[in-house]
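Below are the chains, spelled out letter by letter.
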Amino acid sequence: MTVERENFPVDVLFVGAGPANLCAALRLVQIIQAHNQDVEQGSKQGGKLEEVSIALIEKGEEIGAHAFSGAVLDPVALQKLVPDFKEKGCPLEGEVSSDAVYYLTPTSQFKLPITPPPLNNHGNYVISLAKFNRWLGRLVAETEKVDIFPGFAGTELLFEGESIIGVRTGDKGIDADGSHKSNFEPGYDITARVTVLGDGPRGNLTKTLFNKTNAYGTVPLLYETGVKEIFEMPQGRVQPGTVIHTMGYPLKKDTFGGTFIYGMTNNMLAVGLVVACDYHDPYLDPHLELQKLKTHPFIKKLLEGGKSAYYGGKTLAAGGYYSIPRIAFPGALVVGDAAGLLNAQRLKGIHLAMLSGMAAAENIFSCLLNDDFSVEKLRPYQQQILNGPVGQELFKVRNFHQAMSKGLYKGMFHAGLQFITGGRGLKDPLRVPEDFKGMKTIEQHYKRQIAPPEHGLKFDNTFLVDKLTDVYRSGAKHEEKQPSHLLIRDQKICIEQCLPRYGAPCTRFCPAQVYELEKNEASGEQFIKVNFSNCVHCKTCDIKDPFENITWVCPEGGGGPAYTVC
Ligand code: SF4
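Each chain has its residues counted from 1, following the order in which its sequence is written. Totals for whole chains, interfaces and linings use all residues, but because this is a predicted model, local features are given only for residues with pLDDT of at least 70 and pairs of side-chain atoms are given and counted only at 80 or more. To get the side-chain values, take all heavy atoms of the structure and skip hydrogens and water.

A. Representation of the overall build of the protein within the structure. A run of H or I in DSSP counts as a helix once it spans at least four residues, and a run of E counts as a strand once it spans at least two, with each numbered from the N terminus. Along the backbone of the protein there are 17 helices and 24 strands. The size measure is the radius of gyration over C-alpha atoms, and the globule rule it meets is 2.2 Å times the number of residues to the 0.38 power. Whereas a compact globule of 566 residues would reach a radius of gyration of roughly 24 Å, the protein reaches 23 Å, a difference of no more than 12%. The buried label goes to any residue with under 20% of its type's maximum accessible area, the exposed label to any with over 50%, and the partly exposed label to all in between, with areas taken from a 1.4 Å probe on protein chains only. By the burial criterion, 59% of the 566 residues in the protein qualify as buried. Look at the contacts in the protein between residues 6 or more apart in sequence, and 77% of them connect residues 24 or more apart. We score Asp and Glu as negative and Lys and Arg as positive, and we do not count His or the chain ends. Where a charge sits is defined by one atom per residue type, namely NZ (Lys), CZ (Arg), CG (Asp) or CD (Glu). The average position of the 59 basic charges and that of the 63 acidic charges among the side chains of the protein differ by 8 Å. We call two residues in contact whenever any of their non-hydrogen atoms come within 4.5 Å of each other.

Have a look at this one:
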């Protein structure tokens, strides 16, 4: 069926309202306004930039709804972008007042005598990314220079020859069988002189673009999965700005990851766990590991009397400097997590995302001034990222994540050498395969074919929470009558190859219980059921499936989690 689509042309299109693109939009407006003022006052030669049309689309129901992070913010970018951020009501949960790092054994803990410099958070702020993005979104809206469209998912890149000329937003009102419902609304073709892709870690548009153009860096884009609960604690028990990191239990020595506990305002305490997506154990379940963490005597005491109230999950792009792909294309720039900009050693990416957005804005301003959006004029953005503050920070830890994927002890040895040699270490670059290749079969990992080990946890859904209850607390929902946005290429691979060898790991690595192994009552055949409505858009399945049998595509705009304090 041919669908007529409206074309919506703009000069600059931002896709995804994460911190990178929100900062990009705000910075662009700031520079244009400053330029026009200078021209008006005669302190600058040339013409004013009038009527620059700027649009920003976001797949979440509102800005911030899909924003999820640790999160401790290094304010380096915020201070440049909004120097009076405190006066402007930036929602800070607390300036970091104390930080500590512990190593956990199954029954006790050892505090490191000093906090390793990368985890020293002096001068940083605990934030809720969901609140922070809403605030940034309000600043962008207040400029009245950017058309903001929440609930619009970019589902397809539009090309003219090799050049990206915009995105198509998803159709709305398509039934599960593909037919048009009475409320059918075709998506728009939003065309732009430049499109800035900030679709997050493993973004659907950027994944397509990187694959199409073979744009990957020296090492693949690598990821970590993070899950987090927010606890409501008794009055007076939480010091906002407290930061605790732990290593060790519950993760095994061959699995890189760690945990964090952050004190927030309103007596809330965030407790989260991050695990590198190259883990080997087919029975590992990040959500379950988070529950195990809470049973550790040290963590249990911290959380005593509290009630788990919110939940979320997300991947982080942790490959670092060598995994940065090409990020300047004819007609498009890539920013933030989509470009792999995260310092895995510091467990921080928000400031790098913000800096990348600001660099993109400065590059676009120069293109507007010269009335030239050719790739030659967009390319300096890539150089600015690689050689400017973002690249400088990432270069110093360029082999960190790869080293830690060798296991805790070997990883610490490599990381130590890297610290002494300015990031070089024994091998530079240290190459590792894509995350999905990391998983071992049950036989390889456990040396025999066994069922998933019993965890013995009793969920009361106050302190220890089962996955489904946590999904409910993420606010995740999708219009049920639509095609699934989780595409299983071949169910036969799931049942005939993945199940016997890996034990259907999608039923565990998904932090939202989307995948379930079921049996057809009539035929007795097993199949993987996809509860797509639970999906919190973390993208782990797209990254970790050992057969690359699952692809995440954008659901109807507005669906997904509804984070408010995560
Ligand atoms: Fe994450 Fe995939 Fe599960 Fe959605 S279905 S929550 S993207 S693992």
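B. Representation of the side chain of glutamine 418. Along the chain, glutamine 418 turns up in helix α12 (residues 408-420). Overall, the relative accessible area of 5% leaves glutamine 418 in the buried class. With sequence-adjacent residues up to four places away left out, glutamine 418 is seen in contact with Asn399, Phe400, Ala403, Gly423, Arg424, Gly425 and Leu430.

C. Up close: the nonpolar core. To define a nonpolar core, start from buried Ala, Val, Leu, Ile, Met, Phe, Trp, Tyr and Cys residues and group those joined through side-chain atoms within 4.5 Å. Residues Leu13, Phe14, Leu28, Leu78, Phe132, Trp135 and Ile364 are the most contacted members of the largest nonpolar core, which totals 92 residues. Beyond its immediate chain neighbours, meaning those up to four positions away, leucine 13 contacts Ala55, Ile57, Val167, Ile190, Ala192, Val194, Thr195 and Val196. In terms of nonpolar packing, the next biggest core, distinct from the first, is built from 81 residues, Leu104, Val275, Tyr311 and Val565 among them.

D. Up close: helix α5 (residues 286-295). Counting buried residues along α5, eight of its ten residues qualify, which places the element largely inside the surrounding structure. Distance and chemistry together define a polar contact, namely a pair of N or O atoms within 3.5 Å, with one atom able to donate a hydrogen and the other to accept it when in protein, and with adjacent residues in sequence counting only for side-chain atoms on both sides. In this structure aspartate 285 caps α5, since a side-chain oxygen of it lies 3.0 Å from the backbone nitrogen of histidine 287.

E. Quick peek at the site of the ligand. Any residue with a heavy atom positioned within 4 Å of a molecule or strand is treated as near that molecule or strand. Near the ligand there are 14 residues, and of these Cys510, Cys535, Cys538, Lys539 and Cys541 occur at the shortest range. In this classification, Asp, Glu, Lys and Arg are treated as charged, Ala, Val, Leu, Ile, Met, Phe, Trp, Tyr, Cys and Pro as nonpolar, and every other residue, Gly included, as polar. For the shell around the ligand, a count of residues per class yields eleven nonpolar, two polar and one charged.

F. The arrangement of the packing of aromatic side chains in detail. Two aromatic rings from Phe, Tyr or Trp, using only the six-membered ring of Trp, form a pair when their centres are within 6.5 Å; if the ring planes differ by under 30 degrees the pair is stacked, by over 60 it is edge-to-face, and anything between is tilted. Counting across every chain of the model gives 16 aromatic pairs. On the basis of an interplanar angle of 90 degrees and a centroid distance of 5.6 Å, the ring pair of phenylalanine 8 and phenylalanine 149 is categorised as edge-to-face. Residue phenylalanine 8 is located in strand β1 (residues 7-15), and its partner phenylalanine 149 is located in strand β8 (residues 146-150); the two are separated by 141 residues in the primary sequence. A relative accessible area of 28% places phenylalanine 8 in the partly exposed class. Here tyrosine 321 and phenylalanine 395 contribute two aromatic rings whose centre-to-centre distance is 5.0 Å and whose plane-to-plane angle is 75 degrees, an arrangement assigned as edge-to-face. Here tyrosine 321, found in the loop between β18 (307-317) and β19 (328-329), pairs with phenylalanine 395, found in helix α10 (residues 389-395); they are 74 residues apart in sequence, far enough to count as distant. The class for tyrosine 321 is buried, based on a relative accessible area of 16%. What makes phenylalanine 395 partly exposed here is its relative accessible area of 35%. An aromatic cluster is defined as three or more aromatic residues linked by ring pairs; in this entry it consists of Phe8, Phe149, Phe152 and Tyr188. Any Lys NZ or Arg CZ found within 6 Å of a ring centre and within 35 degrees of that ring's normal is scored as a charge over the ring. A cation over a ring is seen here: lysine 228 above phenylalanine 68, with NZ or CZ 5.1 Å from the ring centre.

G. Quick peek at the sheet that holds strand β7 (residues 125-127). The three strands lie next to each other as β3-β7-β4, forming an open sheet whose pairing is antiparallel. Two strands bound the open sheet, and with one partner strand each, they are β3 (72-73) and β4 (92-95). Strand pairing requires that DSSP identify at least two bridges connecting the strands.

H. Region of interest: the sheet that holds strand β6 (residues 109-111). Spatial ordering of the open sheet is given by β6-β5-β15-β16-β17-β14-β18, a layout of seven strands whose pairing is mixed. In this open sheet, the two edge strands, each paired with only one partner strand, are β6 and β18. Each neighbouring strand pair of the sheet contributes to a mean axis angle of 20 degrees, computed without reference to strand direction. Direction of pairing for strand β5 (residues 98-104) relative to strand β15 (residues 242-248): parallel, over a ladder of seven bridges. By the bridge assignment for β15, alanine 100 is matched with isoleucine 244. Inter-axis angles, ranging from 0 to 180 degrees, are taken between N-to-C directions of lines fitted to C-alpha atoms, where helices are fitted over the stretch in contact.

I. Structural view of the packing of helix α7 (residues 350-370) against helix α9 (residues 380-387). As a packed pair, α7 and α9 sit with axes 9 Å apart at the nearest point and diverge in direction by 150 degrees. Crossing angle aside, the handedness with which α7 passes α9 is right-handed. On α9, the residues touching Ser356, Ala359, Ala360 and Asn363 of α7 are Pro380, Tyr381, Gln384 and Ile385. Of the residues in the contact of α7 with α9, the class split is five nonpolar, three polar and no charged. Helix crossings are classified by the rotation of the near helix relative to the far one: an anticlockwise turn of less than a right angle makes the crossing left-handed, while a clockwise turn makes it right-handed.

J. Expanded view of unusual backbone geometry. Of note, the bond from tyrosine 249 into proline 250 is cis; its omega dihedral lies within 30 degrees of zero at 5 degrees. Its location among the elements puts proline 250 in the loop between β15 and β16 (257-263). Across the junction of aspartate 428 and proline 429, the peptide omega takes the value 0 degrees, indicating a cis bond. By the secondary structure assignment, proline 429 is in the loop between α12 and α13 (442-446). If you check the backbone angles, glutamate 51 has positive phi at about 55 degrees while not being a glycine. For glutamate 51, the location among the structural elements is in the loop between α1 (19-40) and β2 (54-58). Since its relative accessible area comes to 75%, glutamate 51 is described here as exposed. If you check the backbone angles, asparagine 214 has positive phi at about 45 degrees while not being a glycine. Judged by its relative accessible area of 62%, asparagine 214 is exposed.

K. Geometry of the pattern of salt bridges. A pair is scored as a salt bridge if a Lys or Arg side-chain nitrogen falls within 4 Å of a carboxyl oxygen belonging to Asp or Glu. All told, the structure shown has 20 salt bridges when counted by the stated rule. Here arginine 202 makes a salt bridge to aspartate 542, at a shortest N to O gap of 2.7 Å. Here arginine 202, found in the loop between β13 (189-197) and α4 (204-213), pairs with aspartate 542, found in helix α17 (residues 540-544); they are 340 residues apart in sequence, far enough to count as distant. In this structure, the salt-bridge partner of aspartate 542 is lysine 207, at a minimum N-O distance of 2.8 Å. In this pair, aspartate 542 sits in helix α17 while lysine 207 sits in helix α4, placing the two residues 335 residues apart along the sequence. Each of Glu40, Lys48 and Glu50 takes part in one network of salt bridges that share partners.

L. Examining the environment of methionine 264 more closely. Mapped onto the fold, methionine 264 is located in the loop between β16 and β17 (268-276). Looking at methionine 264, the relative accessible area reads 2%, which means it is buried. Measuring from C-alpha to C-alpha, the distance between methionine 264 and valine 565 comes to 9.7 Å, with 301 residues separating the pair along the chain. Sequence-distant contacts of methionine 264, that is, excluding residues within four places in its chain, are made with Glu93, Val126, Ser128, Ile230, Val238, Pro240, Ala270 and Val565.

M. View of the pairing of strand β9 (residues 154-160). Here six bridges tie β9 to strand β10 (residues 163-169), and the two strands are oriented antiparallel to one another. Along β10, the bridge assignment pairs glutamate 160 with serine 163. Between β9 and β10, which pair antiparallel and follow one another directly, the connecting turn spans two residues, one of which, glycine 161, has a positive phi of 65 degrees.

Limitation: the analysis is restricted to geometry and does not speak to function.
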